[in-house]
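Tertiary structure, described
Read off the chains here:
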Amino acid sequence: MCFKGSLSKRLKCLLLILSCHGMCSYAQGNSNEDLIESGENTEINDSKAVNKTDLQDKYYRQALYYYFQDNHDQALSQVEQSKAKLQHLDSRASLFEAGLQLSEGLLQQAKKTLVNFDDLIIAEQNNQISNRKSARANELLLISLLSLTDQYLAQGDITQAKESLAKIKSISSTYYPQYHVLSQLAYWPDDVTLLPTEPGKSVDNGSPYILLNDALRLIEQSREEQSSTEQSMNSHGKYQQAISLLTTIKSTSWQEKPADFWKTLFLNEVSFASQSDEQKMQISQGQAIQDYAQLLLAQIYISQQRYKLAFNELESFPQQSPYTESALFLFAFASQEVGQYDIAFSLLTLLYQDYPYSSLGWQSAELMAEQVSQQRSLGQGISAFQNVENFFLLRQQDLRNFAKAFADQEDLLEFLPVTVMPVQGAVAMKGFQTESVWLQQALYDAELTSLYQGLTSIDEQTKKIQLLLNKTTWLAEIIALNKRRKALIVATNEARDFPMIYKKLSAERDRLALILTQQVKSNDHTVFANDEERLWLARIKDSDTIIKTIEGQKNTEEYQQRLSRVQGVLSWQLAQKNPQRMWSHKKQLQYIDNAIAGVTYQQQKISELSAKDDSLSIHVAKLQHSTFELKQQLNQAGKLRESFTVKIRAKVSEYIDEQNILLAEHLLSTRQGMANVLERMAKTEKSLSRQSIAEPDLVGSY
Amino acid sequence: MFTFALTDAVNAEENQTVQSSSELTRQLEALKSQTLQLNRELFILEEDLLFPASTQIAVFVSVDTGRFFALDSVEVKINDKDVAGFLYTDRQRDALEQGGIQKLYLGNLKMGQYQLTAIFTGVDQEGRMVKRAAEYEFEKEDDSLMIELKVVDNTQSNRSQVVVEEWIL
């Protein structure tokens, strides 16, 4: 029996049968691509580095990839998926999760994450997990609590805001201004007891918002005291304090310090396309603060009847400001009080023409008509009042039209939505926007805006749920496909009689192993001879036979010697090559053993999987459960949308009623004004006619 | 008489209406939270079905600072077969340069030896179009395989190079 120089063909065939089923395979290619292309600079690097992997870091950074593209929703999904895979998140990832939850409006979840944060830090420190990541943990916890407080205040949930503030045990100087402002808002209008600052560190209590809030509080207190005559002296003092604060704000340039990653995540609501956009916004904000301070200052002067000061203050008010409307109105009033009637008239006319839907515009219309009737002729006064009356009648009709259109609108988000594309470089506005001026005004109410945002969120959630439902349909098809595939594999497996093939394969392998062992023992170098060598051996054997045959008849000594020499050379050659060939065959046997082991393992797996019925059943159960939950959620979303819609309609209806009352009052007072003017006209005519009757009598007597 | 209000006082009446609005807000929050949870569950299910751990292979891309190489695109082949390609927008490149990791490819491989080839195209400091590549031989065993392709800056040579890291799970 000889051992062939290559694997037995039979063995190869058997292995091929066993390995070719079940799993997907990729075509094997050994060609090496030439990556150097003409005209381009290319480098190839075969370096490989296998390091111990910090999976927490890797998964965290996968979420960052979405976060830095402003896709907070996807970033949060990624964090959730990481949590499912890793079973828990480290402190940095937990805090990141809390920040994303806050930005997506999941306040309760964020609160829960933050409540557990302390325990997480302690656990990490006990386990001596890298302190580099948790080094700033207290600072990050502080930022997140401040952000949570901010969110609760925005929602009007003062109790929760106070609770979040109470969780802050110490505060660094960097965040003291934010903490101060949030405390002011949470405890408004009462004074607030703040935490002490870090020893040895100075605190910047000069933030414009702190000063502004202090000034507002003083103004409110002054008004309350002014109404009570006993404390009117105190109110003057408080007004002076407020004036001092507002003057400081007005005359100082304010600039926000640049925020790091965590501050941006937690405390910045707006994202900017570029640094220059961010700078522009900061400048605008600074200007807006100064404008507001100037406006408040003017209001204080008017409250104190120091109209000249108010006039001077408002004369320099910028034309483009978020507070232009209010400033114009105050300026008009101050102008009237200081006798600048032309200026007052121009301002009042401008106000009611440019702001025809605002209450300040309506007041301006009345004041304008009143001024005309006082300053100019009664006829002009009547005409002005008639114009104003028509103006209010038009507004009432407008309001009725709006009320009807709004009531008839089924989907409130489709009520005159904005269709103009935003200007390039402008900050993207979030939330519902409308072209209806009445609704725009109504949306100044924070609660209504929040309700509209809720409605938009519900629609987004509904779309997501629908997408997930579509996915469940697709997954069900995948499972059905897998079931069919599995059945096919099981059937094929059963048809092939693999145990018999294995038996043959093992027998063949054992036979070859035995031959090899025997050959190794016998030390016969001719066993591993190749074809050419076998041919030579055969010829030597034949020659030997022939020599033996003719031995008696001829002198064969020379032939014998020559044959011996050839045989010796061949034996020597075979002996030289034997170790290598033996090793090669041993390796091949090892390869066969490995291949058989691999195929045996595969077959075992297939048998296990075939026998295991419940692997797909588990998936089916999970899928059914998810589908059921999703359908329920879709239902809930529909009901919630209905609740939000009802609430919004109620709020808008309230607003419409308020505006109707206001308009009715203005119309009534306009008509009263007109009546007063008519009365004055009548009196004037009466006195003129008396005079004209008296004068002819006098002429007659002389 | 004119009215003029600048301050935002929250009175008791407003508190009452705010409470019922906040109830709606809480219900909305619960809905969002449940959707997120279901999304996570379905993601796990989908991965288990389509990419079981025994055959799963994932390829990730990350970038150092991007100082010497502004990434434009990447192609990945396994045993000379194209498996993934991606063209990067400015935003995506920025996200990578700020520390993000992108999951470029998720697929299935049976057990055995493979060769991965990754070709990165980008722009160097001088504004020239350049390519950086890496070849990596690996053995797929009976568990998940995660390979990260890192474009790393080499400050000594003022160039970037591609380093391959196989995650130890």
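Please read these numbers as outputs of a predicted model, since none were measured by experiment.

Under the defined criterion, the tally for this structure stands at 34 salt bridges over all chains. Note that A:Glu533 and A:Lys577 form a salt bridge whose closest N and O atoms lie 3.4 Å from each other. With A:Glu533 in helix α23 (residues 531-549) and A:Lys577 in helix α24 (residues 557-611), this residue pair connects regions lying 44 residues apart in the sequence. With a closest N to O distance of 2.6 Å, B:Glu165 and B:Lys150 form a salt bridge. In this pair, B:Glu165 sits in strand β8 (residues 159-166) while B:Lys150 sits in strand β7 (residues 145-154), placing the two residues 15 residues apart along the sequence. Of the residues examined, B:Glu165 reaches a relative accessible area of 3% and is grouped as buried. The exposure class assigned to B:Lys150 is partly exposed, which follows from its relative accessible area of 21%.

It is worth spelling out helix α16 (residues 324-337) of chain A at this point. All names here are of chain A. Taking 1.5 Å per residue, 14 residues should reach 20 Å; α16 reaches 20 Å between its end C-alpha atoms and fits that length. Buried residues dominate α16, accounting for 12 of its 14 residues. For α16, the set of buried residues is Thr 324, Ser 326, Ala 327, Leu 328, Phe 329, Leu 330, Phe 331, Ala 332, Phe 333, Ala 334, Ser 335 and Gln 336. Looking at the buried residues of α16, the elements they touch are α14 (275-303), α15 (307-315), α17 (341-354) and α18 (359-375). Directly beyond the C-terminal end of α16, a positive phi value near 85° is found at Gly 339.

Ranked by size, the top nonpolar core spans 98 residues in total, and within it A:Leu246, A:Phe402, A:Phe406, A:Leu439, A:Tyr452 and A:Ile648 carry the most contacts. Among the elements that take part in this core, helix α25 (residues 614-701) of chain A stands out by supplying 15 residues, more than any other. Excluding residues within four positions of it along the chain, A:Leu246 makes contact with A:Leu212, A:Ala215, A:Ala293, A:Leu296, A:Leu297 and A:Ile300. Residues A:Phe117, A:Ile168, A:Phe266 and B:Val59 belong to the second largest nonpolar core, which totals 75 residues.

The interface is formed by 98 residues belonging to chain A together with 87 residues belonging to chain B. Together, the buried faces of chain A and chain B total about 8,500 Å²; carbon and sulfur atoms form 58% of this surface. Run the count over chain A and chain B and you get seven salt bridges. When the shortest N-O distance is used, the salt bridge between A:Glu80 and B:Arg40 registers 2.7 Å. Here chain A and chain B share 21 residue pairs in polar contact (both at pLDDT 80 or more) between them. The element contributing the most residues to the side of chain A that touches chain B is helix α21 (residues 446-496) of chain A, with 16 residues. Partitioning the side of chain A that touches chain B into residue classes produces 40 nonpolar, 35 polar and 23 charged.

Cut-off values and rules
- Residues numbered from 1 in each chain as written.
- Chains lettered and ligands numbered in written order.
- Predicted model: local features only at pLDDT ≥ 70, side-chain atom pairs only at ≥ 80, totals over all residues.
- Heavy atoms only, no water.
- Salt bridge = Lys/Arg side-chain N within 4 Å of Asp/Glu carboxyl O.
- Helix = DSSP H or I, 4+ residues; strand = E, 2+ residues; numbered from the N terminus.
- Buried < 20%, exposed > 50% of the residue type's maximum accessible area, 1.4 Å probe, protein only.
- Expected span 1.5 Å × (residues − 1).
- Contact = heavy atoms within 4.5 Å.
- Core = buried A, V, L, I, M, F, W, Y, C linked by side-chain atoms within 4.5 Å.
- Buried area = accessible area lost by both parts, 1.4 Å probe.
- Polar contact = N/O pair within 3.5 Å; in protein donor to acceptor, adjacent residues only side chain to side chain.
- Nonpolar A, V, L, I, M, F, W, Y, C, P; charged D, E, K, R; others polar.

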